[in-house]
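Next come the chains, spelled out residue by residue.
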Amino acid sequence: FFLSARFDGSDVPTMPASARPKKKMKKDPVDWRDSKAARPEMEKYYKEFAKGFVDYVATTYEWPDVGVDRMTRMLDYTVPGGKYNRGLLCIWTAIDTCKMKGIEFATVEKQSIVLAWCVEILQACFLVSDDVMDSSVTRRGKPCWYKVEGVGLDAVNDALILESFLFWLIEKYFDGKQYVALMKLFHDVSLKTQMGQMLDTMSEKAKGKKGIFETFNMKYYTRIIKYKTAFYSFYLPAASALIACGLTAPATLKACEEICVAMGIKFQIQDDYLDCYGKPEVIGKVGTDIFDHKCTWLLVMALQLMSKEQRQVLEANYGMGIAEKSAEKKVKEIYRSLNLTEVYEKQEKDSYSQCESLISKHKETLPSETFIRLLKKIHKRIK
């Protein structure tokens, strides 16, 4: 040691600066509002959660190494890699709820990240299943999981494992009333989404059935998109965050549902419009709703407005498959003649006012900042 002088003049040993223990630099808090910065942070937690789940299975069920490797590969292929919009909505809701309640977000940050990944894992579960049912080829710029060599229909069981993964996370990180409320929420939303998916699939397979277009009304359409999209894409992330922050009252969750379902319906109507009119280089896909005989907002509105002659043309050309480009062109010409673009623009404006009114209605019990920000983000979107 080197010597240094005390204030009283005596010498004391001291360490050289290089030998002194380094102070840990305080980590800057994550800016979860910045989606670009938040995504890599999300993925760090995914690695922790996935390893914990695989280790649990390996230890509890005496899983062989080959099984551990297979499950790790499946999780890493199917869960990360998306935009994490649903997961980030969960975190944003938690941040605003803490602000509303006057508590530090740090007290629920880990729990909100857990739930963000639970929502993303459920999304992965649905996508793996959907790709098999739809015979899809690619997902997120790579082959669908069931298309990977050696996987095939084993992907059906993998989807069930993904669902077990999210429930394992809930059981690991929550207990008491929160645990019960979250288990009920995820089971309920899963069932609602599965029922919505069933209705949507039925509409695709109904081509040629007598009277099928009579069933394609606004009530039927709204039921499909409410259950297939609105609950798991909007309500589930927001309600999960509310529960993590201690807001478990049925009336509070019902208010959240009312807002989220309205925004989910608006979002899906936009998707239907963009499938027909969006630019493939912008929306990232070629629209196929007309080819696939989908019950869409455009179809339902056209059925309400068209003449008998137009109806005959539409019924003869709707859902003819992707090879029949001329059939799609005839349907789009009917849409154009009915000025559905103008009808859509009015719907966009009206739906914004409706959502805004609902947010204002529940501003005393819910974090209105979250919903206002989300509404502005999706309004008039082009992709």
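Residues numbered from 1 in each chain as written. Predicted model: local features only at pLDDT ≥ 70, side-chain atom pairs only at ≥ 80, totals over all residues. Heavy atoms only, no water.

**Observations regarding the side chain of Glu348**
As for its placement among the helices and strands, Glu348 is situated in helix α14 (residues 340-361). Excluding residues within four positions of it along the chain, Glu348 makes contact with Lys266, Gln270, His379 and Lys380. (Helix = DSSP H or I, 4+ residues; strand = E, 2+ residues; numbered from the N terminus. Contact = heavy atoms within 4.5 Å.)

**Here's the deal with helix α11 (residues 297-305)**
Most of α11 is tucked away: seven of the nine residues are buried. Turning to α11, its buried residues are Trp297, Leu298, Leu299, Val300, Met301, Ala302 and Leu303. Contact partners of the buried residues in α11: α7 (212-215), α8 (218-244), α9 (250-277), α12 (308-317), α13 (325-337) and α14. (Buried < 20%, exposed > 50% of the residue type's maximum accessible area, 1.4 Å probe, protein only.)

**Focus: the confidence of the model for the protein chain**
In the predicted model, the protein chain carries a mean pLDDT of 91, and the fraction of residues at 70 or more is 93%. Low confidence marks residues 1-15, where pLDDT is under 50. Its contacts with residues over four positions away, or in another chain, come to 20 contacts. (pLDDT = per-residue confidence, 0-100.)

**Notes on unusual backbone geometry**
Of note, Tyr84 is a non-glycine position whose phi angle comes to about 65°, a positive value. Along the chain, Tyr84 falls in the loop between α2 (65-78) and α3 (85-101). Note on Tyr84: relative accessible area 1%, which makes it buried. Of note, Ser135 is a non-glycine position whose phi angle comes to about 55°, a positive value.

**Digging into the packing of aromatic side chains**
Under the defined criterion, the tally for this structure stands at 19 aromatic pairs. Seen from their ring centres, Tyr45 and Phe49 are 6.1 Å apart, and the 35° between their planes marks the pair as tilted. One end of the pair, Tyr45, and the other, Phe49, are both in helix α1 (residues 35-60), four residues apart, so they sit about a helical turn from each other. Overall, the relative accessible area of 2% leaves Phe49 in the buried class. Here the aromatic rings of Tyr273 and Tyr344 are separated by 3.8 Å at their centres, their planes lie at 5°, and the arrangement is stacked. Residue Tyr273 is found in helix α9, and its partner Tyr344 is found in helix α14; the two are separated by 71 residues along the sequence. Of the two residues examined, Tyr273 and Tyr344, each falls in the buried class. What links up through ring pairs into an aromatic cluster is the set Phe53, Tyr56, Tyr61, Phe165 and Trp168. Note that Lys142 overlies the ring of Tyr77, its terminal NZ or CZ placed 4.1 Å from the centroid. For Arg381, the ring lying beneath its charged end belongs to Phe267, and the centroid distance is 3.8 Å. (Phe/Tyr/Trp six-rings, centres within 6.5 Å; stacked < 30°, edge-to-face > 60°. Lys NZ or Arg CZ within 6 Å of the ring centre and 35° of its normal.)

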